[in-house]
Structure formats: C-alpha cells, structure tokens
Amino acid sequence: MSKIIRLGTRDSELALWQANTVKDQLQALGYIVKLVPVKSTGDLVLDKPLYELGITGIFTKTLDVAMLNGDIDIAVHSMKDVPTALPKGIVKAAVLKRGNYMDILAFKENEEFLGQREGIIATGSLRRQAQWLNRYPTHTVVDLRGNINSRLEKLYSNEWNGAIFAAVGLERIGLEPENTIGLTWMLPAPAQGAIMVVAMENDEEIREACAQLNHEETDTCVTLEREFLRELEGGCSAPIGALSYIDKENMVTLKGVLLNVDGSKKLEADLTAPLGKHQNLGIDCAKSILARGGKRLMTELANAGAAVNIFATKKLTNEQQLRLNIAANADSDDFIKISPNRISPIVLKKEHKNVVFTSKNAVEAILTSSSAAELKFENIYCVGRKTRRFIKNKFGKVAHFENSATDLAKYLVEFMEGSEITYFHGNISLEDLPKILAENNIIVNPIEAYRTKLSGKKIPEEVKGIMFFSPSNVESYLKENSTDKIAYCIGETTANAAKAHFKEIKVAKIPTVESVIDLVNEDYKN
C-alpha cells in the first residue's frame, strides 16, 4: 500500500495510547500511519452524566463523521463505547487482543466502609452504579466525569470513599493507584477491555490491512456480548453487563445481567455452548432475561422520567406488568390493605351446610385461623373466578360461582338446598347479597373474616386513567385524588361505585385483573 493510513482518534491520553498501539502494529507490518486526533462530545461536555446527554456512541460520533467525510481512513475506539449498530458505510475492520476486562475500586484510606451502612462511591456509569447499589443498597453513588487523570484527582479532592474505574484504562497509562480492589463480582460493559478498529466498507485495501490485527478469540467473545446488548436494545441509559470467555475445553460461556438504575431489580443469565455452536449465545442469553421480566424492566428504563399514563389501585404482579402495552407507562400500588380477623375455632369447626364467599380475601382470612382439613363446609358458593380457583385448590370443590354478588344471591334463592347460609365477609362489604337473601326468607349468618383499611395516596395529576378492582379501591382513591380521569373497572359493582364520581367509565368483559389490563391496552396501543 503506497498511501498513508490516516488514523482518527480522540485526543485523551488513553485514546492516544490505544491509537498508538494500532499504529505500531500496522507499522510493524510495513504500513505508514499518521494520527489525526479529534475531540468528541463526551470529552467536551463534562457537567452532565453520560446517560443524560442522550447520544448513543457519544465518544465515537465525531470520528464517524470525519470518516464519512473522507478526513480519516480508520478510527480506533474503546469497543465498549461503540454502538452495536454502526453508521451505514462503516464496518468493523479488526478487534485487538483483549486487555483486562474487570472494573476496580480505587479507595483512599481503608476498606472499612465496605462493611458499613454508609459509603459514598463515585462513577459515571449506570451499569456500575446499579451493580454497586444491588450489592450495597444503603451506599450513595455520585456522578464522576472526565478523563482518567481528572477522575482520580476528583477522588482525592472529595469526601468520597472510593471510585470505580475500568482496570484496563488505568493499566494502559500506568496510573493504577496503590489502594485498589478488583470487583470480580461486577460484570463489565459488553466488550470492555477490547480495542476496535473501524474502516469504510468500500475501502477493501484498508480493511485487508487492518484484518491482520484481528484477534479471533477476542472477536468471538465480544461479538456475543454486543449481540446480547443489541437484543436487549440497551445503551448508555441501561445498566447492562456482559462477559464471554472460552475455556481450555473450547466451551464458550456468556454471562449477562440487566438491572434497574437503583439496583433493586436484577436479572441474570449464564449460558454455555461448544465453540462452533456458540453463535446464538448472545441472543439466547438476552431472550432468557427478557422472558423473565427484562422486557418490563427495559420499558421502565426507557420510560424513566416520562409521565405515567395509567395507575392501578392494586399492586400488579410482574406478569401483569408485562401484559400492559409499553405505551401505557403504568404504575401501581395497593390502595387497600387486608388484615384477617381471629375467628373462634368453635365457630369454624362446626358443620356449615351452605357457605358463601364473595372474595378471595375472606377465604384466605379463615385459613389463617384454621386449616382446610379441619373445616366442615358441605356446599361452598363464591363470587369470582380467582376465588373459585383458590377454593378448589384448598377445598377441592365449589358448588357454584357467579361473577357478581347479586347474581350469586339470585342463584341461591332459586337453587340452594336449605334456608340458611354462613356468609364470610369483610368489614366494608356490600349489602346486596345478604339483603336479597333476607328478602327471600333465607337466614344469613354473617361472620366478619377480615378488615379492609383504606390506604390510598396522592398520585400525579398527569395520570389519565385509573384501574379499579373493587368499590373499596374507588373509595380509597377518592380520599386524595381528582376524578378527571378514565375509570377502568373490573366489574359492574366496581363501576357502580365509580359512576357517582367519574364521567368516563369502562368495564372489563371478564372480572379479572388481566381483563382490566386488556381494556387499558385498547386505549394505549404500542
């Protein structure tokens, strides 16, 4: 090759070290190389955390533009900074042999703070922040920006206990502090420790020159890590870690992790395959995490800071959260709390020919006072599919169920054997069922099985819709909140409680939480 290879690089000390490493290797092969240093947005804007700048590939974008403009022939990057999707026309030309992939903690005086409740750790990485808080949830994490030299200076000039760095960066420029701990438990950023060379796709001569620098084992491992990252669709704003390695038996392992920002939620995957059959490890690892709550977690990360559209007055399970469309951006909390009453064993263990439950709460409450085997219930009637399912699991059978208390009362009047029932209920249950039965000369023996406490809270005014699952939910919500919302109700009884206050009411086709979620999804399509 007769022309000079123009090598673009950031002008930080570490970036120049990496660029000179590539330059030396190319020159050893007989090529002439000239460095072309440039500054990136990530180097120029130091007063905001990386994830707040909102730019994917913040340290690579300027070099991409220079290459597309024809100002440079190749660019050298820390591979962890390179977006998983390269700009059109730019391709990976080589991956050098990987250096130390670990994160390390640099600390000032001693390590005692690791065993204490209070501690202040500095890092500009959401991934490091989330993993640290997952392990040390009572510690405080503060932002740390700048090049390696300035970050170390900030550590020693602030009242921090320590700061987290990529080990390889400190090693490459000979700045590793005296007091450090290798964070072997912390998964690195995908491709951390690897140097990547990119070139123009149509420049075959340059690509052939760079291909001679490629380290196949490193390339294999970091490719899997980046596929894992791409499948999760994460970037600087998502706490994602991944590490792949090949052992002596040629088995390829990939470990991946996804967390939320405060580290309170953590999903991990660990897969292994023989070399040659490893190609799907990155995608399979990501799909494993997505299937176990990762999809919802990524949605929460993507919607962080965005206005909540929907609020559920009952804490939704992970599966129920996953069922909601991303566009709904929902939050949830329990607006009522249930506490079981102590019921005399004498009352519970005597024979009851006809027993009625209008909620699962009542069934759970009596089972705190006695086991199902000790109870002598001949015919059990109930309201709701979930209540029926729960009773069948505990008692083995249900004589009959309906979707509303009113419909069940009408059925009992028509078909029940005998003229007396035992009715287990809550302290604020509706009077529809006992009233209808009494009007038809059926004796009702009420037993208060549990107490309902209204525990609502103030929700953001920008919320557009509320999911209600009982009249008590409605009552609790109204204590502190406005009614200029859409009320999504689990059934007619709940809807009737909402009608006196809300202008727009929608009722689920089936009285289940999932059906209410489907009702919301009709209004919030992805």
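Here, every reference points to the structure presented above.
All values derive from a computational prediction rather than experimental measurement.

What follows covers the overall build of the protein chain. Across its full length, the protein chain holds 19 helices and 24 strands. When its C-alpha atoms are laid out on the principal axes, the protein chain stretches across 105 × 50 × 50 Å. Looking at the protein chain residue by residue over its 526 residues, the buried ones come to 49%. Long-range contacts, defined here as pairs at least 24 residues apart, represent 63% of the contacts in the protein chain between residues at least 6 apart. Carbon and sulfur atoms form 47% of the exposed surface of the protein chain, whose accessible area is close to 25100 Å².

Inspection of the entire model under this criterion finds 14 aromatic pairs. Both rings, one in Phe-311 and one in Phe-335, keep their centres 5.7 Å apart while their planes meet at 65°; by these two values the pair is edge-to-face. Of this pair, Phe-311 sits in strand E14 (residues 310–312) while Phe-335 is found in the loop between strand E15 (330–332) and strand E16 (336–340), placing the two residues 24 residues apart along the sequence. Of the residues examined, Phe-311 reaches a relative accessible area of 2% and is grouped as buried. Residue class for Phe-335 comes out buried when judged on its relative accessible area of 0%.

The next point concerns the state of the cysteines. What the rule picks out here adds up to zero disulfides. No disulfide involves Cys-221; its sulfur sits 13 Å from the nearest other cysteine sulfur, which is in Cys-285. The class of Cys-221 is buried, set by a relative accessible area of 5%.

Moving on: unusual backbone geometry. Even without glycine at this site, Ala-191 takes up a positive phi of about 70°. Even without glycine at this site, Asn-250 takes up a positive phi of about 60°. Mapped onto the fold, Asn-250 is located in the loop between strand E11 (240–246) and strand E12 (251–259). A residue is classified by how much of its surface remains accessible, and Asn-250, at 42% relative accessible area, is partly exposed.

Looking at the secondary structure, you find Leu-144 in the loop between strand E7 (140–142) and helix H6 (148–157). As for Leu-144 and Leu-155, which are separated by 11 residues in sequence, their C-alpha atoms are 8.7 Å apart. Beyond its immediate stretch of four places on either side in the chain, Leu-144 contacts Ala-122, Thr-123, Gly-124, Arg-151, Lys-154, Trp-160, Ala-163 and Phe-165.

Attention now goes to helix H10 (residues 281–302). The end-to-end C-alpha distance of H10, which contains 22 residues, comes to just 25 Å, noticeably less than the 32 Å that a straight helix rising 1.5 Å per residue would cover. Within H10, the full set of buried residues consists of Leu-281, Gly-282, Cys-285, Ala-286, Ile-289, Gly-293, Gly-294, Arg-296, Leu-297, Met-298, Thr-299 and Leu-301. Those residues of H10 that are buried are in contact with helix H9 (216–232), E12, strand E13 (266–274) and helix H11 (318–323).

The next subject is helix H8 (residues 204–211). Ile-206, Ala-209 and Cys-210 are the residues of H8 that are buried. Buried residues along H8 cover an arc of 95° about the axis, so they all sit on one side. Residues of H8 that are buried in the fold lie against strand E1 (5–10), helix H1 (13–28), strand E3 (74–78), strand E4 (90–95) and strand E10 (195–200).

Considering the arrangement of structural elements, one finds Ile-181 in strand E9 (residues 180–182). Given a relative accessible area of 22%, Ile-181 falls into the partly exposed group. C-alpha separation for the pair Ile-181 and Phe-424, spaced 243 residues apart in sequence, amounts to 60 Å. Sequence-distant contacts of Ile-181, defined by excluding residues within four places in its chain, comprise Asp-103, Ile-104, Leu-105, Phe-107, Glu-111 and Leu-114.

Criteria and thresholds
- Position numbers for residues count from 1 along each chain, tracking the sequence in the order it is written.
- Given that this is a predicted model, residues contribute local features only at a pLDDT of at least 70 and side-chain atom pairs are listed and counted only at 80 or more, while totals for whole chains, interfaces and linings are drawn from all residues.
- Computation of side-chain values: all heavy atoms of the structure, hydrogens and water removed.
- Each helix is a run of DSSP H or I of at least 4 residues and each strand a run of E of at least 2, with the numbering of both proceeding from the N terminus.
- Each residue is placed in one exposure class: buried if its accessible area under a 1.4 Å probe, protein chains only, is under 20% of its type's maximum, exposed if it is over 50%, and partly exposed if it falls in between.
- Residue contacts are counted whenever heavy atoms from the two residues lie within 4.5 Å of one another.
- Residue burial considers only the protein chains on display, and all accessible areas are found by Shrake-Rupley using a 1.4 Å probe.
- Classification of ring pairs rests on two measures: the distance between centres of Phe, Tyr or Trp rings, Trp counted by its six-membered ring, which must be within 6.5 Å, and the angle between planes, read as stacked under 30 degrees, edge-to-face over 60 and tilted in between.
- Two cysteine sulfur atoms make up a disulfide if the distance between them is within 2.5 Å.
- Take the number of residues in a helix, subtract one, and multiply by 1.5 Å to get its expected span.
- By arc we mean the arc of the directions from the helix axis to the C-beta atoms, nothing more.

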